[in-house]
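Each chain, letter by letter, is given below.
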Amino acid sequence: MGINSVAVVADLGESFGNYTIGDDDALLGLVTASNIACGFHAGDPRIIDRTVADCVARGIELGAHPGYPDLVGFGRRLIEASEEEIRTDVLYQLGALDAFARVHGGTISHVAPHGRMGSIAQTDAPHARAITDAIAAYNSDYIVICQRGLLAEESRKRGLEVGYVFLADRGYGDDGMPVPRSHPQGLVHDPALIGERAVQVVREGTVRSVDGNIVPLGHDADVLLLHGDHPTVLDNGIALRAALDAAGVRVAGLRDVLAEKAEVALAR
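These numbers come from a predicted model, not from an experiment. (Residues numbered from 1 in each chain as written. Predicted model: local features only at pLDDT ≥ 70, side-chain atom pairs only at ≥ 80, totals over all residues. Heavy atoms only, no water.)

Q: Account for the overall build of the chain, with residues named and values stated.
A: Looking only at helices and strands, the chain features 9 helices and 10 strands. With respect to the principal axes defined by its C-alpha atoms, the chain has extents near 40 × 40 × 35 Å. Counting across all 268 residues of the chain, residues that qualify as buried make up 53%. Only carbon and sulfur atoms are counted for the fraction: they give 52% of the accessible area of the chain, which is about 11100 Å². Separation between the mean location of the 23 positive side-chain charges and that of the 37 negative ones in the chain comes to 2 Å. (Helix = DSSP H or I, 4+ residues; strand = E, 2+ residues; numbered from the N terminus. Buried < 20%, exposed > 50% of the residue type's maximum accessible area, 1.4 Å probe, protein only. Areas by Shrake-Rupley, 256 points an atom, 1.4 Å probe, with all protein chains shown as cover. Lys, Arg positive; Asp, Glu negative; His and termini not counted. Charge placed at Lys NZ, Arg CZ, Asp CG, Glu CD.)

In structure tokens:
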């Protein structure tokens, strides 16, 4: 299970106006890819512009991070939106980020639906269809970052490549999926543990659940995610990179990781 390389991504550009969330400049030294807020759950045109410019300058892959139009709830509340609303909201956000990418000489590599929108899409068919319809219509070369479930299935139906993500700073249940943030162990606060889990996931395809059991994820970990608003995100990122380096795991861009994965599959 797994290959010996992985991408590291962080949610970036989630500040808004006078409100600052996270330390994007420091995080950019730890990641190979970015999930950039597109203005609905977080971010604004100035933040997007600066974040895209910084990523392009450092050679970090650009990713769109579309979410619900929910600044107050940071996109983590369920919005009773229709399938058409979800599709057009995602399309709108892709176009917004792409405009800044083009101006700065970059290209979007992937799409990672944010927060509640992304988690609901794993089990809700209208969400999964709407998100993947928007992506496929706009640019079928975009990779969809997600976990196993309907969003991955609908992506493949539309010919979209999937990059499976492991949420490095979140607790997982015995079903191999993240437990709710409200769970006492919903967030992992020990940077060293985050590093240890990252190596285990990449090398073995398993994770220790919040109940102490070793459970399979059911897929390779193509990308490890750090949440930009986690209170110890920088310590988490430093520990994660140190653990991967010590284990001899190559950290690369998502497209490179998926290309290596395809080569390994052909060789089998």
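Q: Hey, could you go over the nonpolar core for me, with residue numbers and the actual values?
A: Judged by nonpolar contacts, the single largest core of 72 residues is most densely connected at L97, I131, I135, F166, L224, L240 and L244. Sort the elements by how many residues they give to this core and strand β1 (residues 5-12) lands first, with 6 residues. Discounting residues that sit within four places of it in the chain, L97 has contacts with I36, C38, I48, V52, G63, A64 and I108. (Core = buried A, V, L, I, M, F, W, Y, C linked by side-chain atoms within 4.5 Å. Contact = heavy atoms within 4.5 Å.)

Q: Explain a nonpolar patch on the surface to me, using residue names and the numbers behind them.
A: A cluster of nonpolar residues, F16, Y19 and L71, forms a patch on the protein surface that exposes about 330 Å² of accessible area. Along the chain, F16 falls in the loop between β1 and α1 (24-27). (Patch = residues over 30% accessible without salt bridge, like charges linked within 9 Å, V, L, I, M, F, W, Y side chains within 5 Å. Salt bridge = Lys/Arg side-chain N within 4 Å of Asp/Glu carboxyl O.)

Q: If you had to explain the layout of surface pockets to someone new, which residues and values would you point to?
A: Space inside the largest pocket adds up to approximately 690 Å³. G115, R116, S119, L167 and R170 are the residues nearest the centre of the largest pocket, which is lined by 27 residues in total. Elements with a contribution of two residues or more to the lining of the largest pocket: α4 (115-120), β5 (143-146) and β6 (162-167). The greatest single-element share of the lining of the largest pocket, amounting to 5 residues, is contributed by α4. The residue inventory of the lining of the largest pocket, partitioned by class, reads 12 nonpolar, 10 polar and 5 charged. Taken as a whole, the second largest pocket holds about 220 Å³ of empty space. Lining the second largest pocket are 13 residues; nearest its centre among them are V188, L193, R197, R208 and S209. A breakdown of the residues in the lining of the second largest pocket according to their chemical character gives 5 nonpolar, 5 polar and 3 charged. (1 Å grid on protein atoms, 1.4 Å probe; cavity = no way out; pocket = protein on both sides within 12 Å on 5 of 7 lines; lining within 4 Å. Points joined across faces, edges and corners; volume = space filled by probe spheres on them. Nonpolar A, V, L, I, M, F, W, Y, C, P; charged D, E, K, R; others polar.)

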